[in-house]
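Coordinate analysis (summary)
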Amino acid sequence: LFFKVTAPTEIYTRSLVGSVRCVQETGLTQHLFEKYQVPALFICKSSVLSAFSCGRSTALVLESGANNTYAVPVHDGYVLQASLLRYAIGGNYLTEEVARELDKKGIKVAPRYAFTKKILSGQPIVDYQVYEQTHPSYEKFCRYEIIRDLKESLQTLMTEVPMEMSDTKNNIYELPDGIKVDLGAERRSIPEKMFSPIPALGSFNGVHRMIADAIVKSDLDIRKELYSNIVVAGGNTLIPGFVERIQKVIPEIAPQNVKVKVIAHLPGERKFSAWIGGSILSSLGSFQQMWMSRQEFEEHGAIMVERKCAQLF
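Okay, so let's go over this structure.

The rules behind the values
- Residues numbered from 1 in each chain as written.
- Predicted model: local features only at pLDDT ≥ 70, side-chain atom pairs only at ≥ 80, totals over all residues.
- Heavy atoms only, no water.
- Salt bridge = Lys/Arg side-chain N within 4 Å of Asp/Glu carboxyl O.
- Helix = DSSP H or I, 4+ residues; strand = E, 2+ residues; numbered from the N terminus.
- Buried < 20%, exposed > 50% of the residue type's maximum accessible area, 1.4 Å probe, protein only.
- Pairing = 2+ DSSP bridges.
- Phe/Tyr/Trp six-rings, centres within 6.5 Å; stacked < 30°, edge-to-face > 60°.
- Lys NZ or Arg CZ within 6 Å of the ring centre and 35° of its normal.
- Axes fitted to C-alpha atoms, helices over the stretch in contact; angles between N-to-C directions.
- Parallel < 35°, antiparallel > 145°, perpendicular 65-115°, else oblique.
- Contact = heavy atoms within 4.5 Å.
- Nonpolar A, V, L, I, M, F, W, Y, C, P; charged D, E, K, R; others polar.
- Core = buried A, V, L, I, M, F, W, Y, C linked by side-chain atoms within 4.5 Å.
- Polar contact = N/O pair within 3.5 Å; in protein donor to acceptor, adjacent residues only side chain to side chain.

Think of it this way: side chains of opposite charge can pair up when their charged atoms draw near. Per the stated rule, a full pass over the model turns up nine salt bridges. Between E97 and R100 there is a salt bridge, with the nearest N and O atoms lying 2.4 Å from each other. Remark: R100 and E97 occur in helix α3 (residues 91-104); sequence separation between them is three residues, near one turn of the helix. Residue R100 is classed as partly exposed on the basis of its relative accessible area, which comes to 41%. Note that E152 is salt-bridged to R148, the shortest N-O span being 3.1 Å. Linking E152 with R148, this pair stays in helix α4 (residues 136-154), spanning four residues, or about one helical turn. The class for E152 is partly exposed, based on a relative accessible area of 42%. We classify R148 as partly exposed; its relative accessible area is 30%.

Buried residues dominate strand β4 (residues 59-64), accounting for six of its six residues. Side-chain alternation along β4 places A59, V61 and E63 on one buried face and L60, L62 and S64 on a second face that is also buried. As judged from the six bridges shared by β4 and strand β5 (residues 69-75), these two strands associate in the antiparallel manner. Counterpart to V61 in the pairing with β5 is V72.

Moving on to the packing of aromatic side chains. The relative placement of two aromatic rings is captured by the distance of their centres and the angle of their planes. Counted according to the given criterion, the structure contains five aromatic pairs. Note on Y87 and F204: the rings are 5.3 Å apart at their centroids and 65° apart in plane angle, and the pair reads as edge-to-face. With Y87 in strand β7 (residues 85-87) and F204 in the loop between α5 (186-189) and α6 (207-216), this residue pair connects regions lying 117 residues apart in the sequence. Among the residues examined, F204 registers a relative accessible area of 1% and is labelled buried. The ring centre of Y144 lies 5.3 Å from the NZ or CZ of K140, which sits over that ring. Above the plane of the ring of F195 lies R245, whose end atom (NZ or CZ) is 4.8 Å from the centre.

The interhelical angle for the contact between helix α2 (residues 46-53) and helix α10 (residues 273-282), taken along N-to-C directions, is 75°, at an axis separation of 7 Å. Classed by the angle they form, the pair α2 and α10 counts as roughly perpendicular. Counted together, S46, L49, S50, F52 and S53 of α2 and S273, A274, I276, G277, G278, I280 and L281 of α10 form the full contact between these two elements. Split into classes, the residues belonging to the contact of α2 with α10 amount to six nonpolar, six polar and no charged.

Our focus in this paragraph is unusual backbone geometry. Look at D76: it is not a glycine, yet its phi comes out positive at around 55°. Mapped onto the fold, D76 is located in the loop between β5 and β6 (78-79). With phi around 65°, N257 is a residue other than glycine that occupies positive phi space. Here N257 shows up in the loop between α8 (242-253) and β13 (262-264).

Right, let's get into the packing of α3 against α4. Direction vectors running N to C along α3 and α4 enclose 95°, while the axes themselves pass 9 Å from each other. Between α3 and α4, the crossing angle belongs to the class labelled roughly perpendicular. Contacts from G91, L94, T95, E96, V98, A99, L102 and D103 of α3 reach α4 at K140, R143, Y144, I147, R148, L150 and K151. Of the residues that constitute the contact of α3 with α4, the class distribution is seven nonpolar, two polar and six charged.

A few words on the nonpolar core. Counting 48 residues, the largest nonpolar core has L102, L150, V207, F242 and I246 as the members making the most contacts within it. Those elements that place two or more of their residues in this core are β4, β7, α3, α4, α6, α7 (223-227), β12 (230-233) and α8. Excluding its chain neighbours within four sequence positions, the residues that come into contact with I246 are L62, F195, V207, I211, P251 and V262. If you look at the next biggest cluster of nonpolar residues, it comprises 20 residues, including A40, C44, V61 and V231.

Residue position: Y227 is located in helix α7. Residues Y227 and P251, 24 residues apart in the sequence, show an inter-C-alpha distance of 9.1 Å. For Y227, the contacting residues outside a window of four places in its chain are A212, I215, I250, A254, P255, V258, K259, V260 and K261.

Structurally, the position occupied by T95 is in helix α3. Polar contacts involving the side chain of T95 include one to the side chain of K151, which spans 3.0 Å. When neighbours within four sequence positions are excluded, T95 is seen to be in contact with Y144, I147, R148 and K151.

Rendered as structure tokens:
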């Protein structure tokens, strides 16, 4: 759950997790007005804001974050709930895969707090320490922060799917304690899972298939418009080559004579697409008629959010 404050309103960007329930939104509305004393409130889905950030009110938004990946058809600023797809694959899934590969190679990633490093006679000396009272969850968090940085530094996707995943160029990552890691072919094969079937995830056949399936589930009249407005957002899409791969494979599975256009912010902005869309929405002159004011809350109660934020329900 995320807050973004833009005076004099509060914009609340909610990630799409399952179906939106009226009770959740009215409870949230009451909590914000009564505890945080917000002067006005507007609730909007992150996929809609990501589309707005690219200047689109109708688009197929592919959002891939830490835990989940969504393919969300948006039409005139409304999410087509019956057509959206979600799978539990994202950045954390890939980080877990990298951690398993390191375990197979016998490489132990030590948390930063678990060792001291000194330079004696020009040589680094590492002294490992054991903290028995450290909670396992904190130790795992510290280890995975290092593994995540390793993953983000080395992983890449090929525009063309190579017949052999071996890499002729070695990329070395140095862990904080000085151990050097060479992922080899795994730097390409692990992110390749985003475009491959994974039996453990049921019907998941790759993010490109998610896009095509979500469009097919949408109304026939807007399918061409969705294909020509595919918005890519989320931190997990920052994998080098991700957008280029989408641009290549979608035309191969799209119907003939359909124009395919993939829209994505620059890497520095892509994972903040929803926030950018929220700032654009709140800067519109008509936005003051859209939000739910404190006066409306006091007169009608939290249930008023159903009318003011109708796109949620």
